[in-house]
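One-letter residues, chain by chain:
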Amino acid sequence: MQRIFIVGCPRSGTTLVQAMLARHPDVLTLPETAFFERLCGDLKWRWGDRDARQPRRRLRQQLGLVHGRARHELQNLQRDLSGDGTRSPWPIRTESCVQHFVDLLDARAKTEGRTSWVEKTPYHLLYIPEIERYIPEARFVHVIRPGEDVLASIVDANLRYENNNAFGGGTVQWSQRWNRAARIHCEYARRPHHHFVFLDDLTRDMHREWQRLCGFLQLDAEAKLGASCDQPIADLRNEPWKRDAVSGLPGKAKRKAEGLFGPQMREWLQQHLMPYEDVRRSCMGGSSGLHTEPGMRYLSL
């Protein structure tokens, strides 16, 4: 069973890549679970947000025990994955919780005759050390989009869907988060079990990128695909900004930055975002000289 995690900064194209894979007959996928975010917590601190305090390691964490609130939330996840309406308690130890999660997905994939499952939660980018620790055979697909386009897409979503709480924090915070994501991508460059998809490459030459992706995931690139994604991967009522991506049919890349940002704003972004070409060069095998900033380390359970 191939266990695959799609990760990246939000609004980078992770839903599109997930929907493309969902068209493959050997792949099971599902809406975002936020499993490791729920299990391990400390999301804002991992992003390095200015208002986030470094969490204290409590005795519960030192013993590898899961917070009761997290276990309660995971019960809802079990109901969605297994279709079992009973609310049986999850294990109390972190390692056992992860194994239970993997077993649920493995079982559902086998029931449907699939050989792989894909979990797509962009924020799991921040939890790669824990995922690799507990699921050492996991494969990761990093989806990367130019920072200026990510920021423009976030602004556009906030303007069009005023009642959403997904992209609060403002341009400064999301610029810092894109930089944080870029550094993590670069950290895993050239490591086994990590593959990088650049959204502009995908929309420009889908066939080539599909061949590369399937080769990495050991999927048959010539298998007959569904006409579109027919697996439920998003709640469009609560996530309407994903509507254009859920078909799994890449279209022409949309450059929103030029229409949304004036010259002064674009100049600010160019000054404060890590150079996209440096990130690209690093992840594709070159040397960029990028380094992780002090104080931006992962939390080790």
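Residues numbered from 1 in each chain as written. Predicted model: local features only at pLDDT ≥ 70, side-chain atom pairs only at ≥ 80, totals over all residues. Heavy atoms only, no water.

Enquirer: For this particular structure, what's the right way to read the overall build of the protein chain?
Expert: Scanning the protein chain from terminus to terminus reveals 14 helices and 5 strands. When each of the 301 residues of the protein chain is scored for burial, the buried share is 50%. Across the protein chain, contacts joining residues at least 24 apart in sequence account for 78% of those joining residues at least 6 apart. Entry remark: accessible area of the protein chain is about 14600 Å², with carbon and sulfur atoms responsible for 47%. (Helix = DSSP H or I, 4+ residues; strand = E, 2+ residues; numbered from the N terminus. Buried < 20%, exposed > 50% of the residue type's maximum accessible area, 1.4 Å probe, protein only. Contact = heavy atoms within 4.5 Å. Areas by Shrake-Rupley, 256 points an atom, 1.4 Å probe, with all protein chains shown as cover.)

Enquirer: Teacher, can you tell me more about the sheet that holds strand β5 (residues 194–198) here?
Expert: Paired through their backbone hydrogen bonds, the strands of a sheet run either parallel or antiparallel. Spatial ordering of the open sheet is given by β2-β3-β1-β4-β5, a layout of 5 strands whose pairing is parallel. Both edges of this open sheet fall to β2 (27–29) and β5, since each of them pairs with a single strand only. For this sheet, the mean angle separating the axes of adjacent strands, direction not counted, is 25 degrees. Relative to strand β3 (residues 116–120), strand β1 (residues 2–7) runs parallel, the two sharing 5 bridges. When the sheet's bridge partners are listed, Arg-3 is paired in β3 with Trp-117. (Pairing = 2+ DSSP bridges. Axes fitted to C-alpha atoms, helices over the stretch in contact; angles between N-to-C directions.)

Enquirer: Teacher, can you tell me more about the pattern of salt bridges here?
Expert: Charged atoms that come close allow side chains of opposite charge to pair. Applying the stated criterion across every chain yields a total of 18 salt bridges. Two residues, Asp-51 and Lys-44, come together in a salt bridge whose shortest N-O distance is 2.9 Å. In this structure Asp-51 comes out as exposed when scored by relative accessible area, which is 53%. Classification of Lys-44 as partly exposed rests on a relative accessible area of 39%. Between Glu-112 and Arg-108 there is a salt bridge; the shortest N-O distance is 3.8 Å. Here the salt bridges share partners, and the residues they tie into one network are Glu-32, Lys-120, Glu-239 and Lys-242. (Salt bridge = Lys/Arg side-chain N within 4 Å of Asp/Glu carboxyl O.)

Enquirer: Explanation requested: helix α8 (residues 147–160) in the structure shown.
Expert: In an α-helix, one turn spans 3.6 residues, which is why side chains three or four residues apart end up on the same side. Its 14 residues place the ends of α8 20 Å apart at the C-alpha level, agreeing with the 20 Å of an ideal helix rising 1.5 Å per residue. Burial analysis of α8 places 10 of its 14 residues in the buried class, which makes it a mostly covered element. Residues of α8 that are buried make contact with α9 (170–187), α12 (257–260) and α13 (263–272). (Expected span 1.5 Å × (residues − 1).)

Enquirer: Please clarify how the packing of aromatic side chains should be interpreted in this entry.
Expert: The description of two aromatic rings rests on the distance between their centres and on the angle between their planes. One pass over the structure, following the stated rule, counts 12 aromatic pairs. Where Phe-5 meets Phe-36, the ring centres are 6.3 Å apart and the plane angle is 70 degrees; that geometry is what we call edge-to-face. Highlighted residues: Phe-5 in strand β1 and Phe-36 in helix α2 (residues 35–40), separated in sequence by 31 residues. Consider the rings of Phe-35 and Phe-36, whose centres lie 5.0 Å apart with planes at 85 degrees: the pair is edge-to-face. Per residue, the accessibility class of Phe-35 equals that of Phe-36, and both read buried. (Phe/Tyr/Trp six-rings, centres within 6.5 Å; stacked < 30°, edge-to-face > 60°.)

Enquirer: What is the right way to look at the packing of α9 against α13 in this model?
Expert: The geometry of a pair of packed helices is captured by two quantities: the angle between their axes and the separation between those axes. At a minimum axis distance of 11 Å, the contact between α9 and α13 shows a crossing angle of 35 degrees. With respect to the hand of their crossing, α9 and α13 are arranged in right-handed fashion. Within the contact between the two elements, α9 uses Thr-171, Val-172, Ser-175 and Asn-179 and α13 uses Met-265, Trp-268, Leu-269 and His-272. Partitioned by chemical class, the residues of the contact of α9 with α13 number 4 nonpolar, 4 polar and no charged. (Left-handed = near helix turned anticlockwise from the far one by under 90°. Nonpolar A, V, L, I, M, F, W, Y, C, P; charged D, E, K, R; others polar.)

Read these as layout, nothing more, since geometry by itself doesn't imply function.
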